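Here are the chains, one letter per residue:
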Amino acid sequence: MRRASILLFALLLAGCPDGTVDLPLLSATPSSIDFGDASPGDSVSIDFALTNPGPDTVLVSSITAQDGDASPFRTNFVPGLELEANQAHVVTATFDAPSAPGVHDSALEVTWEAQPLITGGGPGGSGGEDATRSLLVSVTAFVLGADDDDSSDDDDSGDDDDSSDDDDSGDDDDSGDDDDSGDDDDSGDDDD
């Protein structure tokens, strides 16, 4: 039995020249979030998933925007999330559009800890120490300004041209006739 344990230990170390075994890797899907266009004051939310492919449980301690507390990006994350191997958790990211128009981008930093299988410089390594890691989820959004309005009608008349004539007769009066004779009947005589 002792011989099998030594062989297993040697096989583990053979795959890791420095005597360490990689920690489980937490991943985010998608790893980049584009909130699209928003008007000032809008809130736009998009979900992303944190996944622990294993082999150990990870403790997600925080998700923070890299541009600080005044960031327009936030999440619904509650610190202390434990993800077991092969488990996923959905997080909602929200962009609260500020009044400043233009591109707003940042990254959400996800910080997590895991128990490594083996650490240290080979046989007799320290083992069992927690290690903190982080990953980044890039986030971007565009806030529309006054010049970014999609409307092409500027005169509030309901049509897309700049004339003040709203009927389709081609003249500027509301009579409906197109001739300038002043005679609205169709009899053909001028009533002398």
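Conventions we followed
Residues numbered from 1 in each chain as written. Predicted model: local features only at pLDDT ≥ 70, side-chain atom pairs only at ≥ 80, totals over all residues. Heavy atoms only, no water. Helix = DSSP H or I, 4+ residues; strand = E, 2+ residues; numbered from the N terminus. Buried < 20%, exposed > 50% of the residue type's maximum accessible area, 1.4 Å probe, protein only. Polar contact = N/O pair within 3.5 Å; in protein donor to acceptor, adjacent residues only side chain to side chain. Pairing = 2+ DSSP bridges. Axes fitted to C-alpha atoms, helices over the stretch in contact; angles between N-to-C directions. pLDDT = per-residue confidence, 0-100. Contact = heavy atoms within 4.5 Å. Core = buried A, V, L, I, M, F, W, Y, C linked by side-chain atoms within 4.5 Å. Salt bridge = Lys/Arg side-chain N within 4 Å of Asp/Glu carboxyl O.

## As for unusual backbone geometry
Stage number 1. A cis geometry characterises the amide bond from T29 onward to P30, with omega recorded as -5°.
Stage number 2. Structurally, P30 is set in the loop between β1 (27–29) and β2 (32–38).
Stage number 3. The residue after G54, namely P55, is reached through a cis peptide bond having omega 10°.
Stage number 4. Structurally, P55 is set in the loop between β3 (43–52) and β4 (58–65).
Stage number 5. The backbone of N86 shows a phi angle near 65°, a positive value even though the residue is not glycine.
Stage number 6. Along the chain, N86 turns up in the loop between β6 (81–83) and β7 (87–96).

## Some thoughts on the side chain of N52
Stage number 1. Within the secondary structure, N52 is located in strand β3.
Stage number 2. A relative accessible area of 0% means that N52 is categorised as buried.
Stage number 3. Polar side-chain contacts of N52 include one of 3.3 Å to the backbone oxygen of E84.

## A look at the sheet that holds β6
Stage number 1. The five strands lie next to each other as β2-β9-β8-β4-β6, forming an open sheet whose pairing is mixed. Whereas interior strands pair on both sides, the edge strands pair on one side only; in this sheet they are β2 and β6. Across the sheet, the mean angle separating the axes of adjacent strands is 30° when strand polarity is ignored.

## Describing the confidence of the model for the chain
Stage number 1. Looking at the chain as a whole, its pLDDT mean stands at 73, while 55% of the residues score no less than 70.
Stage number 2. Note on residues 1–19: pLDDT is under 50 here. Beyond four places in sequence and across chains, it has 14 contacts.

## A short note on the nonpolar core
Stage number 1. Counting 28 residues, the largest nonpolar core has L26, F48, L50, V60, L108 and V110 as its most contacted members.
Stage number 2. Mapped by element, the contributors of at least two residues to this core are β2, β3, β4, β6, β7, β8 (102–114) and β9 (131–143).
Stage number 3. The biggest single contributor to this core is β9, with five residues.

## Structural notes on the environment of I46
Stage number 1. Within the element layout of this structure, I46 appears in strand β3.
Stage number 2. Those residues within four positions of I46 in sequence are excluded, and the remaining contacts are I33, D34, F35, V91, T92 and A93.

## Some thoughts on the pattern of salt bridges
Stage number 1. The full count for this structure, using the stated rule, is one salt bridge.
Stage number 2. Between R74 and D96 there is a salt bridge; the shortest N-O distance is 2.6 Å. With R74 in strand β5 (residues 73–75) and D96 in strand β7, the pair connects residues that are 22 residues apart, well separated along the chain.

## What to know about the sheet that holds β1
Stage number 1. Pairing is antiparallel in the open sheet, where four strands are placed in the order β1-β3-β7-β5. Of all the strands in the sheet, just β1 and β5 have a single pairing partner and so form its edges. Adjacent strand axes in the sheet meet at a mean angle of 30°, parallel and antiparallel pairs treated alike.
Stage number 2. Here β1 pairs with β3 via three bridges, running antiparallel. Bridging from a neighbouring strand, A28 pairs with L50 of β3.

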